[in-house]
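Listed below, chain by chain, are the residues.
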Amino acid sequence: MDIGGTKDFEFNIRDPKFLDEQALWEEAKRVYSKCKDCRMCVTYCPSFPALFDAVDRHDDDVQKLSKEELALPLELCFHCKQCYFKCPYTPPHEWRIDFPHLSLRYKVWKFKNKGAKLTDRLMVNTDLVGKLSVPFAGIVNKLNNTKPVRVILENFMGIDRRAKLPPINSQTLVDWYKENRKPVKGENGKIVLFSTCLFNYNYLEKGIALLRVLEKNDLWVEIPEVQCCGIPFFDVGDIDTSIQKAKHNIKVLKSYVSAGYDIVVPVPTCALQIKYEYPLLLPDDPDVKLVSEKVFDVHEYLWKLKEKGRLNQDFRVSMGNIAYHIPCHLKSLNVGYRAVALMRLIPNTKVRLIERCSGHDGTFGVKKQTFDMAYKVGSKLFEDINSTKADLVVSDCPLSSNQIEMATGIKVLHPIEVLYRAYNF
Ligand code: SF4
Ligand code: SF4
Ligand code: SF4
């Protein structure tokens, strides 16, 4: 399917064989037969070593793989998408390799046939967890750092006790903005901020910096009550809930797009979901294309202002040496590294890029059964960060930041917080 002329995926929920078990294993064997001869992705994640070990055990013959051996690589995929944007054989290549969507198809099939544990379903319900936790943020944040509660969470929810849980905001970003909105003329445009669960429920500080930077650039900002983008439900294969979230968000966002607003998103994963996954989830909805074409990564949007000579470049404080982690999903978004370009506008500021996966990607980084694998995936990144002499460590992805902070003890800022500090409000 062609989306906006830039992305093409091997994932068609309208295919009558989409949920057919035999067709699923046949497709897995087809993809595996190419991957086993290529093996380029062996270091990215646990999926490929699991696949190649199984193939090697069966004399290089994918036809001999058992169902369990076919399923394991798909089960272990945490959808970082590295193997998609680095693979030379993705659509429109005739081999049409799309490993992350094959994994998603498997998880959807599994959920339809076997369901998922209630605790796993709760863990991915970021809206529900956020809404229930915010009114009790003080106590929740305290309890989440106590050993007895972590033992309970590990035993009953499967959340590894070593995982760093994101903090809970004492107020949602949406509510904070209602009380603290500053008057602007909006001469640089009207935008809808897709607030994201992570900014709305977990990282108020980052959200405040974001809104102040947008106001400083004379952008008129509205924050409607959208829902989670729906990507966490991919982890358990609950595609129906993802579709439900997509429908709600498209309806809300379409009304703003029709009124001339652009949509700005501060987290690459959420932008990726709206821009490139919603068209696959709602293939018959013409509004999806209208909305997805108006979705911008926040730094991409600010850089557009720079190109028009409209960016406020009144940066007053230098930021020194910055180590910048490039999130995998930002690479998938295909909009370049505009955060880097923006930070390099700050006087006496140098930015070094670190291109390594943090291994987090949703529940994979916190679940007991995958915590060690996730940590191993991120270990090279953690070593790099630990050895850096940088003054600041920066990443656009709050979950990667959380993972880096857990492993290194070094605080990680969002690029927008760097701009906020440089403006010296
Ligand atoms: S996904 Fe593509 S690049 Fe990676 S191992 Fe398979 S064929 Fe090779
Ligand atoms: S998307 Fe990431 S986790 Fe999934 S198979 Fe590809 S590299 Fe591995
Ligand atoms: S990707 Fe963004 S919107 Fe989606 S669940 Fe995560 S934070 Fe929320």
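Just so you know, these numbers come straight off a predicted model, no measurement behind them.

### Topic: the nonpolar core
Stage number 1. The biggest cluster of nonpolar side chains holds 81 residues, and the ones touching the most others in it are Leu-302 and Tyr-324.
Stage number 2. Sorting elements by how many residues they give to this core places helix α14 (residues 268-281) first, with eight residues.
Stage number 3. Formed jointly, this core draws a minimum of three residues from each of two domains, domain 1 (2-113) and domain 2 (314-423).
Stage number 4. Of all hydrophobic cores here, the second largest spans 33 residues; its members include Ala-28, Cys-41, Cys-83 and Tyr-106.

### Focus on the site of ligand 1
Stage number 1. Every residue lining ligand 1 is accounted for by Cys-35, Cys-38, Arg-39, Met-40, Cys-41, Phe-48, Cys-83, Cys-87, Pro-88, Tyr-89 and Ile-97.
Stage number 2. Per-class residue counts for the shell around ligand 1 are ten nonpolar, no polar and one charged.

### Thoughts on the packing of helix α1 (residues 21-38) against helix α3 (residues 67-76)
Stage number 1. The contact between α1 and α3 brings their axes to 11 Å, and the two run at 70°. With respect to α3, the element α1 is oriented roughly perpendicular. Both α1 and α3 take part in a crossing whose hand is left-handed. The residues of α3 that touch α1, namely those facing Glu-21, Trp-25, Ala-28, Lys-29 and Tyr-32, are Lys-67, Leu-70, Ala-71, Pro-73 and Leu-74.

### Re the site of ligand 3
Stage number 1. Around ligand 3, a shell composed of Thr-126, Phe-194, Cys-197, Leu-198, Cys-228, Cys-229, Ile-231, Pro-232, Thr-269 and Cys-270 is seen.
Stage number 2. Looking at the shell around ligand 3, the elements that each hand over two or more residues are α11 (197-202) and α14.
Stage number 3. Looking at side-chain class alone, the shell around ligand 3 contains eight nonpolar, two polar and no charged residues.

### Digging into unusual backbone geometry
Stage number 1. Geometrically, the link from Pro-91 to Pro-92 is a cis peptide bond, its omega value of 10° lying close to zero.
Stage number 2. Examined against the element boundaries, Pro-92 turns out to sit in the loop between α4 (82-85) and α5 (99-114).
Stage number 3. Although it is not a glycine, Asp-60 sits at a positive phi angle of roughly 70°.
Stage number 4. Positive phi, normally seen in glycine, also occurs at Thr-196, with a value near 70°.
Stage number 5. Tracing the backbone through its elements, the reader meets Thr-196 in the loop between β3 (190-193) and α11.

### Topic: the packing of aromatic side chains
Stage number 1. Scanning the model with the defined rule gives 17 aromatic pairs in all.
Stage number 2. Taken together, a centroid distance of 5.6 Å and an interplanar angle of 70° make the contact between Trp-25 and Trp-109 edge-to-face. One end of the pair, Trp-25, is in helix α1; the other, Trp-109, is in helix α5, and 84 residues separate them in sequence. Each member of the pair, Trp-25 as well as Trp-109, is classed as buried.
Stage number 3. Each ring, one from Tyr-89 and one from Trp-95, has its centre 4.4 Å from the other, and the planes form 40°; the classification is tilted.

The rules behind these values
Counting of residues starts from 1 at the beginning of each chain's written sequence and follows it residue by residue. Chain letters and ligand numbers both follow the written order, the letters beginning at A and the numbers at 1. Totals for whole chains, interfaces and linings use every residue, but because this is a predicted model, local features are given only for residues with pLDDT of at least 70 and side-chain atom pairs only at 80 or more, for both listing and counting. Values reported for side chains reflect all heavy atoms of the structure, with hydrogen atoms and water molecules removed beforehand. Take the buried Ala, Val, Leu, Ile, Met, Phe, Trp, Tyr and Cys residues and link them wherever side-chain atoms come within 4.5 Å; each set so joined is a nonpolar core. Relative accessibility decides the category of a residue: with a 1.4 Å probe and only protein chains considered, values under 20% of the type maximum give buried, values over 50% give exposed, and everything between is partly exposed. Strands are runs of DSSP state E lasting at least two residues, helices are runs of H or I lasting at least four, and both sets are numbered from the N terminus onward. Start and end points for every domain follow an automatic or database-based domain assignment. Note on definitions. A residue lies near a molecule or strand when any single heavy atom of the residue is within 4 Å of it. In this classification, Asp, Glu, Lys and Arg are treated as charged, Ala, Val, Leu, Ile, Met, Phe, Trp, Tyr, Cys and Pro as nonpolar, and every other residue, Gly included, as polar. For helices, the axis comes from a line fit to the C-alpha atoms of the stretch in contact; other axes are also lines fit to C-alpha atoms, and the angle between any two N-to-C directions lies between 0 and 180 degrees. Angle categories are assigned with fixed cut-offs, so that under 35 degrees is roughly parallel, over 145 is roughly antiparallel, 65 to 115 is roughly perpendicular, and the rest are oblique. Handedness of each helix crossing follows the sense of rotation of the near helix against the far helix: counterclockwise by less than a right angle gives left-handed, clockwise gives right-handed. Throughout, a residue-residue contact means that at least one pair of heavy atoms, one from each residue, lies within 4.5 Å. A pair of Phe, Tyr and Trp rings is counted when the ring centres sit within 6.5 Å of each other, with Trp represented by its six-membered ring. The angle between the planes then sorts it: under 30 degrees is stacked, over 60 is edge-to-face, the rest tilted.

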